[in-house]
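# Survey of secondary and tertiary structure
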Amino acid sequence: MISRREVVTAGMLGTLVTGGTSEAAEQSDAQIVRDALMRIVGNLDEIKVSVDAGLRGNTMSYGSLGVIKGRLETWVRATGRFPEFWDVGISVFLEIYDWHIRQRQPIQISRIAEQRMAIQWMFTQYVLRWENEANYIGQQPYDR
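What you see is a predicted model, and the numbers here were worked out from it, not measured in a lab. (Residues numbered from 1 in each chain as written. Predicted model: local features only at pLDDT ≥ 70, side-chain atom pairs only at ≥ 80, totals over all residues. Heavy atoms only, no water.)

Each regular strand carries side chains that alternate between the two faces of the sheet. Sheet topology note: the strand β2 (residues 109-112)/strand β3 (residues 116-121) ladder contains four bridges and is antiparallel. Counterpart to I109 in the pairing with β3 is I119. (Pairing = 2+ DSSP bridges. Helix = DSSP H or I, 4+ residues; strand = E, 2+ residues; numbered from the N terminus.)

Structure representation (structure tokens):
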């Protein structure tokens, strides 16, 4: 008869544990196996996030662009037109830039007042406000 211990130590997981015969050694072996499995789960979660981000990419329904899209729809319904300017942080600015790259759209970046950078997206200039947090999206768009 083969014991469970011999099966575990002889297999793939056996390379992760050290041999021993006492009950304390069995508990430490179980802890080592548990820790190794938790690291595997962590790595699989990282892979899942990477694949998910790669498949979704930069769409108008995901991330900061999804937030902007919702607020933009509300603004257009209320005013009947697109706003001229909207303040955003650096991460949002770069996400808009990445959207242009991914969708193979021409990128229109300009320098505006106060030496600020603005990128054109959906008929609106998104003004980079580097002094705010990276994911900053202004509460309201505005006109001149």
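For the rest of this paragraph, the subject is the packing of aromatic side chains. The description of two aromatic rings rests on the distance between their centres and on the angle between their planes. Applying the stated criterion across every chain, the model contains five aromatic pairs. Centroid distance F82 to F123: 4.9 Å. Interplanar angle 55°. Geometry classified as tilted. With F82 in the loop between α3 (64-79) and β1 (85-88) and F123 in the loop between β3 and β4 (124-128), this pair connects stretches of sequence that are 41 residues apart. A relative accessible area of 32% means that F82 is categorised as partly exposed. Taking the centre distance of 5.8 Å and the plane angle of 55° together, the rings of W121 and Y126 count as tilted. Its relative accessible area of 0% is what places Y126 among the buried residues. Through pairs of rings, three or more aromatic residues link up here, namely W86, W99, W121 and Y126. Of note, R116 hangs over the ring of W130, and the distance from its end group to the ring centre comes to 4.5 Å. (Phe/Tyr/Trp six-rings, centres within 6.5 Å; stacked < 30°, edge-to-face > 60°. Buried < 20%, exposed > 50% of the residue type's maximum accessible area, 1.4 Å probe, protein only. Lys NZ or Arg CZ within 6 Å of the ring centre and 35° of its normal.)

What follows is about the nonpolar core. Counting 14 residues, the largest nonpolar core has I68, W86, V88, V92, I96, W121 and Y126 as the members making the most contacts within it. Not counting chain neighbours up to four residues away, the residues in contact with I96 comprise L65, I68, I119, W121 and Y126. (Core = buried A, V, L, I, M, F, W, Y, C linked by side-chain atoms within 4.5 Å. Contact = heavy atoms within 4.5 Å.)

Here we take up the side chain of S64. Along the chain, S64 falls in helix α3. Excluding anything up to four places from it in sequence, S64 contacts V92, E95, N135 and I137.

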